[in-house]
Amino acid sequence: HRLQALHDTRDKAPHAEKMAGLPAVQPQAIVSQQWIARYPVELVLKEKIFSLSGDSFSIKDQQGNPVFSVKGKAFSISDKKALLDVNGGVVCEIRRALATMHATQQIYLPSGQLACAVKKKSMVQILSSSMQVFLNDGDKDPDFSIKGDFRAKRFTIANTAGQTVASITR
């Protein structure tokens, strides 16, 4: 899978040419300011098809350098995963919320504070998928929307103004 985060700084970054023609997008930190890209970054997710350790995989940049890793716990009721930096430090923890009407993943900071929740918009989604991201900022309105094709594993993440801030492709 490939994840490309789009942020507007239009400086002479390695991928600045990809920014030409894109609307200005104000970066917004969900976990920490240190993880905001100042230019488009393409990340590659390498999943392990069969793993007894759970849902674990690596996330690398285009040059193959490790950026993050995800460590999942096998047989976890809450489907708990930890996003780790290259030094093994916890960036955030992802847990499936139990007893919710719509499938929901909650993202927690290392301090244990809820950062955001990602909820499916409807209970039944066969081919396409639509989700909403709710930041833990005190309001009940979604802060981002995620739309895509489940089979092709192509998704777009947009802010409330409808501007694409990231895309995920297989």
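Residues numbered from 1 in each chain as written. Predicted model: local features only at pLDDT ≥ 70, side-chain atom pairs only at ≥ 80, totals over all residues. Heavy atoms only, no water.

## Description of the overall build of the protein chain
So, point 1. When helices and strands are tallied, the protein chain shows zero helices and 12 strands.
So, point 2. Shown N-terminal to C-terminal, the secondary structure of the protein chain runs as helices and strands in the order β-β-β-β-β-β-β-β-β-β-β-β.
So, point 3. Evaluated residue by residue, the protein chain yields a buried proportion of 34% over its 170 residues.
So, point 4. Contacts in the protein chain between residues far apart in sequence, at least 24 positions, make up 23% of those at least 6 positions apart.
So, point 5. If you sum the accessible surface of the protein chain, you get close to 10700 Å²; carbon and sulfur atoms cover 55% of it. (Helix = DSSP H or I, 4+ residues; strand = E, 2+ residues; numbered from the N terminus. Buried < 20%, exposed > 50% of the residue type's maximum accessible area, 1.4 Å probe, protein only. Contact = heavy atoms within 4.5 Å. Areas by Shrake-Rupley, 256 points an atom, 1.4 Å probe, with all protein chains shown as cover.)

## Some details on the pattern of salt bridges
So, point 1. For the structure shown, the criterion picks out two salt bridges.
So, point 2. For Asp79, the salt bridge identified is with Lys81, shortest N-O distance 3.0 Å.
So, point 3. For Lys81, a relative accessible area of 11% puts it in the buried group. (Salt bridge = Lys/Arg side-chain N within 4 Å of Asp/Glu carboxyl O.)

## Considering the packing of aromatic side chains
So, point 1. Throughout the structure, instances matching the rule amount to one aromatic pair.
So, point 2. Plain terms: the ring middles of Trp35 and Phe68 are 4.9 Å apart, the flat faces sit at 55 degrees to each other, and that makes the pair tilted. Here Trp35 is found in the loop between strand 1 (2-5) and strand 2 (41-47), whereas its partner Phe68 is found in strand 4 (residues 66-72), with 33 residues between them in sequence.
So, point 3. Residue class for Phe68 comes out buried when judged on its relative accessible area of 15%.
So, point 4. When the ring centre of Tyr108 is taken as reference, the NZ or CZ atom of Arg95 above it lies at 4.0 Å. (Phe/Tyr/Trp six-rings, centres within 6.5 Å; stacked < 30°, edge-to-face > 60°. Lys NZ or Arg CZ within 6 Å of the ring centre and 35° of its normal.)

## Focus on the environment of Asn87
So, point 1. Mapped onto the fold, Asn87 is located in the loop between strand 5 (81-85) and strand 6 (90-96).
So, point 2. C-alpha of Asn87 to C-alpha of Phe68: the two residues are 19 residues apart in sequence and 8.9 Å apart in space.

## Side note on the nonpolar core
So, point 1. One finds Ile59, Leu83, Val118, Val133, Phe144, Ile146 and Ile157 to be the most contacted residues of the largest nonpolar core, which totals 20 residues.
So, point 2. Contributions of two or more residues to this core are made by strand 3 (57-61), strand 4, strand 6, strand 8 (114-120), strand 9 (128-135), strand 10 (144-149), strand 11 (154-159) and strand 12 (164-169).
So, point 3. In terms of residues, this core owes the most to one element, strand 9, which gives three residues. (Core = buried A, V, L, I, M, F, W, Y, C linked by side-chain atoms within 4.5 Å.)

## Regarding the pairing of strand 3
So, point 1. Burial along strand 3 is one-sided: Phe57, Ile59 and Asp61 are buried, while Ser58 and Lys60, pointing the other way, are not.
So, point 2. By the bridge criterion, four bridges tie strand 3 to strand 4 in an arrangement that is antiparallel. By the bridge assignment, Lys60 is partnered in strand 4 with Pro66.
So, point 3. Here strand 3 hands over to strand 4 after four residues, with Gly64 in that stretch at a positive phi of 90 degrees. (Pairing = 2+ DSSP bridges.)

## Remarks on the side chain of Ser69
So, point 1. Within the secondary structure layout, Ser69 lies in strand 4.
So, point 2. Among residues more than four places away in sequence, those in contact with Ser69 are Phe57, Ser58, Ala82, Leu83 and Leu84.

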